[in-house]
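Secondary and tertiary structure notes
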Amino acid sequence: MLINSDLVTEFAKDIIAKKDLKGKKVQDIIKKIEITDKTIFADRCGTYFEIDAVENTDKAEKAVAKCILEYGYKMKKILFVGLGNAKYISDALGEMVLDNLPPPSDKMAKFKPQVGRITGIESHDLIISAKKIVKPSIVIAIDSLATNDIAKVGKSIQITNVGLTPGSGVGNSRKILTYKSLGLPIIAIGVPLVANINDGGNRRLVVPIDIEDIAGKLAKTISNGIRQILA
């Protein structure tokens, strides 16, 4: 099974090193990375923010709000999308964040498309249908991410305007969610909650034993950060 990393600091590691784009700190816990080389990462070019979520929860919450607003997109009406499979804690981040957000209003709507193997319908297609009903100015999607290093699980929050490919980190890529495919801006927020290790030549997906606590804490951090832009 092919397993990739969703973290820009991993999948673009060689490019970042070559061009000395180690990331610009815009705050003490925020790193900003611009990927512009379309010849190598045609579908992953854009602006990424990496938030250190290890110690100061209050700072991390404020950083989430700051990074979302940094893109300058209109927030007239937001469609929040919680991706993933709630049956597995390591894949339930999206739904957990939406559960911690305020009730829907004239300024926001919440949607949980679940995973294709449960519904039989691509998340992308369900989101397109929801978009036609809600008529949002922007989509903010939340999903669990994959890392190549177990030590990085739950340690950071990644925010990007590139969009995302559900399931890409575990070799189960679905239709991509991007500005082009959705027809409106998308901000993707994620936390690495699953890692792959090389076990005797075999790649395996692993999660820490305390994954429930990790996911719960980061979901609350993200939802509290989002609440600040809704105030």
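This text follows the structure it describes.
Overview of the structure. Residue numbering note: each chain is counted from 1, following its sequence as written. Where totals are concerned, whole chains, interfaces and linings use all residues; where local detail is concerned, this predicted model gives features only for residues with pLDDT of at least 70, and gives and counts side-chain atom pairs only at 80 or more. Computation of side-chain values: all heavy atoms of the structure, hydrogens and water removed.

What to know about the nonpolar core
Among the nonpolar cores identified, the biggest contains 38 residues, and Ile 51, Ile 157, Ile 159 and Ile 189 are the most heavily contacted of them. By the criteria applied, helices consist of DSSP H or I runs no shorter than four residues and strands consist of E runs no shorter than two, each listed in order from the N terminus. Looking at this core, the element that brings in the most residues is helix α8 (residues 211-230), giving 8 residues. Should any heavy atoms of two residues lie within 4.5 Å, those residues are counted as being in contact. The residues contacting Ile 159, other than those within four sequence positions of it, are Thr 47, Tyr 48, Phe 49, Ile 51, Val 64, Cys 67, Ile 68, Tyr 71, Ile 187, Ala 188 and Ile 189. Here, the term nonpolar core denotes a set of buried Ala, Val, Leu, Ile, Met, Phe, Trp, Tyr and Cys residues that are joined through side-chain atoms within 4.5 Å. Accessible area is worked out with a 1.4 Å probe on protein chains only. A residue is then buried under 20% of its type maximum, exposed over 50%, and partly exposed in between. Core analysis: the next-biggest nonpolar cluster, separate from the first, contains 16 residues, Ile 127, Ala 130, Leu 184 and Ile 186 among them.

Quick notes on α8
How far a helix is expected to stretch is found by multiplying one less than its residue total by 1.5 Å. With 20 residues, α8 extends 28 Å between its outermost C-alpha atoms, agreeing within 8% with the 28 Å of an ideal straight helix rising 1.5 Å per residue. Of the positions making up α8, those classed as buried are Ile 211, Ile 214, Ala 215, Leu 218, Ala 219, Thr 221, Ile 222, Ser 223, Gly 225, Ile 226 and Ile 229.

Side note on the layout of surface pockets
Lining residues are those with an atom within 4 Å of a point, where the points come from a 1 Å grid over the protein atoms alone and group into cavities, where a 1.4 Å probe fits but cannot get out, or pockets, open sets with protein on both sides within 12 Å along at least five of seven lines. Grid points are joined across faces, edges and corners, and a volume is the space filled by probe spheres set on the points. What the second largest pocket holds in volume is close to 200 Å³. If you list the elements that add at least two residues to the lining of the second largest pocket, you get β2 (30-35) and β3 (46-52). When residues of the lining of the second largest pocket are assigned to their parent elements, the largest contribution, 3 residues, is made by β3. When residues are grouped by polarity, Ala, Val, Leu, Ile, Met, Phe, Trp, Tyr, Cys and Pro land in nonpolar, Asp, Glu, Lys and Arg in charged, and all others, Gly among them, in polar. Considering only residue class, the lining of the second largest pocket consists of 5 nonpolar, 2 polar and 7 charged.

Here's the deal with the pattern of salt bridges
Charged atoms that come close allow side chains of opposite charge to pair. A pair is scored as a salt bridge if a Lys or Arg side-chain nitrogen falls within 4 Å of a carboxyl oxygen belonging to Asp or Glu. Under the counting rule described, the total for this entry stands at 6 salt bridges. The residue Lys 152 makes a salt bridge to Glu 10 at a minimum N-O spacing of 3.3 Å. Of this pair, Lys 152 sits in the loop between β6 (138-147) and β7 (156-160) while Glu 10 sits in helix α1 (residues 8-11), and the two are 142 residues apart along the sequence. Under the relative-accessibility criterion, Lys 152 is labelled partly exposed at 30%. Measuring nitrogen to oxygen at the nearest pair gives 2.6 Å for the salt bridge that ties Asp 28 to Lys 59. Of this pair, Asp 28 sits in the loop between β1 (24-27) and β2 while Lys 59 sits in helix α3 (residues 57-70), and the two are 31 residues apart along the sequence. Assessed through its relative accessible area of 35%, Lys 59 is described here as partly exposed.

So, the packing of α3 against α8
Here, axes are lines fitted to C-alpha atoms. For helices the fit covers the stretch in contact, and angles between N-to-C directions go from 0 to 180 degrees. Running from N to C, α3 and α8 cross one another at 50°; their axes reach a closest spacing of 8 Å. Taken together, the axes of α3 and α8 lie oblique to each other. The handedness of the crossing between α3 and α8 is right-handed. Each of Thr 57, Ala 60, Glu 61, Lys 62, Val 64, Ala 65, Ile 68 and Leu 69 in α3 lies in contact with α8, whose residues at this interface are Lys 217, Lys 220, Thr 221, Ile 222, Asn 224, Gly 225, Ile 226, Gln 228 and Ile 229. Each residue belonging to the contact of α3 with α8 can be placed in one class, and the counts come to 8 nonpolar, 5 polar and 4 charged. Angular relationships are summarised with four words: roughly parallel below 35 degrees, roughly antiparallel beyond 145, roughly perpendicular across 65 to 115, and oblique for the angles in between. A clockwise turn of the near helix away from the far one marks a right-handed crossing, whereas an anticlockwise turn of less than a right angle marks a left-handed crossing.

Limitation: the analysis is restricted to geometry and does not speak to function.
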